[in-house]
Every structure is written in structure tokens, then in C-alpha cells.
Amino acid sequence: MDMKTKNLLTVAASLLFAGCSQNEITEISPDANPAVGFSVYSGVQTKGTEIKVEHLKPGFGVFAYHTGADAWSTAGSTATPNFMYNQKVESADGTNWTYTPVKYWPKDGEKVTFFAYGPYSTISGSGVTVLANTVAGAPKLTFAIESTGDATKMIDFVVAKNDASATQDRTHANSASGVTFTFQHVLSRLTFEAKPSVELSATTSTKGTTYVMVKSAKILQASSSKFYKSGVFDCANATWGTKTQATADYDITKVLALSDQKLIVTNTADQTSNKYDAVKLTSNATPVSLFSTDASNIKQYLFLIPETAKAGAGTTSAGDVTIQFQYDIVTVDTAVAKRYTITHHTTDAKLPAGALKQGTAYKYTVEFGINEIKILTPTVDSWGADSTGNITA
């Protein structure tokens, strides 16, 4: 590809994210009918991490509808993606964005309407499934949460706003510098922090130190009527429909910030593969994050299909989504044979009403119960009066 062709492919639009930074490129081709230029969205995320501008280089998907002289408002319901269909746009350097085959603007006055989503998907996978190229109307995208139960592979799903002034009825005349997409987060994002119900951090010696050790977590399908494994997102009006409830528990242990605590829990009977992985809690005053960060120091999240729009009410009842945690209470005690005591506990954390609004991020604090065994002031039975009697020698 020669330099002139590369210049024709230069991105000429800005990518905007709600709550994210802006990335703007403004080069314009001098040709009469230049190539259609875009800003782009990242490819498939392999971690439960939030999509930001810097994640966009691998690519995003575009649908474009050439409606001739007709406006989208009248032609959209019968139009098909005849100009671009799930077109992947990507960048090697974050500056020059390319796609193939290159498309050029039709003659002035003829209209093209654009839709975009991310992460880019083939027809059959990566969390997003697109309809056939013969289906009329704005794209309806089926999104499914990661199906193997590996929460580290949950993805953040974003869709470009269907904007009458920015993406509909675009022509060479009104989009010479490119098409501007405003991507919006369309899932609900969740993270958790945790603390014990009482302060455990103040100790005077090694003997007597107590810890809450969070071991595992899962979304309970049976008690989570608003936990969905898939849904259909309508790009025309940014709404979810045809949501399908999950049919099994969803393990989220892999996104917990586990570390090996075998220096405390030393007995192999209490370990797994010579390890004791847990999130250690001691401070009631300072909660710690339950979720880990990846090798690039990017925080993990849960991304769930929402219950209502951002302006809606969210879930109606506490417990519409319930997360079960397994945790141990471990007390160092050098007087016992193990040199510590350990008890195992299960608790169900119910998300409060109003959860799972579209495009909304939630941070919940989980307080793990710990009840001290107290020795109360004793009652001592009286000896009573002496009993008398004679002894014969």
C-alpha cells in the first residue's frame, strides 16, 4: 500500500466515551470523494476490564446503510446494511486506522447511516452475535456473558449512540472529516470491597491474631431472577430485549484478589495443592478490594446484562441478584496443635434494590460477620452449710 492510499485511510473522526478521555484526529483527504473514515473500538477483551480509548486499536464493528436520497427516518425500517456489514476497523499504532475493502462516499446528496459496536465479533462468537446481512432495520446484537464461567473473560460491551446529527444521513458534504461515533457502555459494571464486621487489626502479640479469609464467590442462579446469560441490544433505541435468565451458578472466584496465606494456615488438610488462597481481611475501618488487577495493573470487574435503562428504576427487590461467598475465620493460637483455629462460613450477599441500571457502575461493600465468643461473669454455687455427722473410730 502506497503512502497516498494510507492517507486516504487516516481516521478523521473523534471517539467519545462517557466517563472516558477523548481521542481526536482531524486529517482530511483532498480527494473529491475520500474514503469513509472512522474512529475505532477495541477488539475482544480477554479480561473483565473496562474498555477505554487506549483499548481500541484491535478493532470494532460497523454497519452502514446506503439509503440514497431517502432519510433514515423513512427508509430505516426496510434498509439493510448494504454499504458495510460488520466491517472491522483497526489500528496498528493508534493513529492510523484502516479497514478493507476501502469504501468511498457516494455522490453528494446520497445518504449513509452508520452504527457501531465493540468489541468486534465474528458472526458467531466473542460475546456478540450479529444478525444476517439481509435483516432490515438497525442492528440488533445478541450479547452473551462468558459461557464457561470464567469471570476473567467477561467483556465490557459498548455501542455507538444512534445520533441523528452525527451518524444518520451522513454524506460527503456533511462528513468530509469523517463520522463521529459516541460509544456508550451498555452493561452494568460491578465491583466489591470487603471488611470484617468488627475491628481485628489491633493486636498485641502473634498469639490471638484473627483474620477473615474470603475464599470463593459465585452468583447464585436459583436466587437471582435478574441474572441474565444473554440479551438482545437494539441499536436503534439503545434498549435491551429478549433477555434470557441464567441456568447455572456463575463462579467469580477467579477475579478475587486471592493471595497465598499458607504461612498462617499451615496444615495441609486446610490447604489446596499446598496453597491457601484467600483475600485476608482485618480492618473494619478500611475496606479492601475483593477484585484483583491483571498483569497490566488494570482492575477486574463484573459486567452484567442490565435490568433497566440508566434512567430506570433498576432491580425491584433486594436479592434479585445474590452472590454467595465462602470465607473462613482463622485465629492464630500457639496453644493448640495446629497453632491456629479455623471455622468455615457461607454468606449470601444480596444486591440492594435499584441495581443493574444500564451504563451504571456500582461499588458494593460486603461486611463479613464475625462474632466473638465472650466469657461472661460466672455464677459460683455456694458451698452452703456444712453437713454434720459422727465417725466411729
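Note that the structure is a prediction, hence the values are computed from the model and not measured.

Caption draft 1: Focus on the pattern of salt bridges. All chains considered together, the criterion is met by nine salt bridges. Here Asp249 ties to Lys218 by a salt bridge, and the two come within 3.5 Å at their closest N and O atoms. Remark: Lys218 occurs in strand E11 (residues 210-219) and Asp249 occurs in the loop between strand E13 (239-245) and strand E14 (250-251); sequence separation between them is 31 residues. Residue Asp249 is classed as partly exposed on the basis of its relative accessible area of 39%. With its nearest N and O atoms 3.0 Å apart, the salt bridge here joins Asp270 to Lys338. Here Asp270, found in the loop between strand E15 (259-260) and strand E16 (277-281), pairs with Lys338, found in the loop between strand E19 (322-332) and strand E20 (340-350); they are 68 residues apart in sequence, far enough to count as distant.

Caption draft 2: Geometry of the nonpolar core. Ranked by internal contacts, the top residues of the largest apolar core, which has 61 residues, are Phe157 and Phe192. Discounting chain neighbours no more than four positions away, the residues touching Phe192 are Ser289, Leu290, Phe291, Leu302, Ile323, Leu351, Tyr364 and Val366. Among the nonpolar cores identified, the runner-up in size contains 19 residues, and Phe83, Tyr99, Val158 and Phe183 belong to it.

Caption draft 3: Spatial organisation of the sheet that holds strand E7 (residues 140-144). Strands sit in the order E6-E7-E12-E13 across an open sheet of four strands; the sheet is antiparallel. Strands at the two margins of the open sheet, each flanked by one partner only, are strand E6 (128-129) and E13.

Caption draft 4: Just the packing of aromatic side chains, in detail. Considering all chains together, one arrives at 22 aromatic pairs under this definition. An aromatic cluster is built from Phe192, Phe291, Phe325, Tyr327, Tyr362, Tyr364 and Phe368, whose rings are joined through pairwise contacts. One cation-aromatic arrangement involves Lys103 over Phe83; the distance from NZ or CZ to the ring centre is 5.5 Å. Geometry around Tyr301 places Arg189 over its ring, the cationic atom sitting 3.9 Å from the centre.

Caption draft 5: Spatial organisation of the environment of Ala318. Residue placement: Ala318 occurs in the loop between strand E18 (302-304) and E19. For Ala318, a relative accessible area of 56% gives the class exposed. Ala318 sits 36 residues away from Gly354 along the chain, and the two C-alpha atoms are 8.3 Å apart. Ignoring sequence-local partners within four residues, the contact set of Ala318 consists of Lys350, Leu351, Pro352 and Ala353.

Caption draft 6: Just the pairing of E16, in detail. Summarising the sheet, E11 and E16 pair through three bridges and their orientation is antiparallel. Note that in E16 the partner of Val214 across the bridge is Val279. Pairing analysis gives two bridges linking E15 to E16, with the strands arranged antiparallel. Counterpart to Asp260 in the pairing with E16 is Asp277.

Here is what the cut-offs are and how they apply
- Residues numbered from 1 in each chain as written.
- Predicted model: local features only at pLDDT ≥ 70, side-chain atom pairs only at ≥ 80, totals over all residues.
- Heavy atoms only, no water.
- Salt bridge = Lys/Arg side-chain N within 4 Å of Asp/Glu carboxyl O.
- Helix = DSSP H or I, 4+ residues; strand = E, 2+ residues; numbered from the N terminus.
- Buried < 20%, exposed > 50% of the residue type's maximum accessible area, 1.4 Å probe, protein only.
- Core = buried A, V, L, I, M, F, W, Y, C linked by side-chain atoms within 4.5 Å.
- Contact = heavy atoms within 4.5 Å.
- Pairing = 2+ DSSP bridges.
- Phe/Tyr/Trp six-rings, centres within 6.5 Å; stacked < 30°, edge-to-face > 60°.
- Lys NZ or Arg CZ within 6 Å of the ring centre and 35° of its normal.

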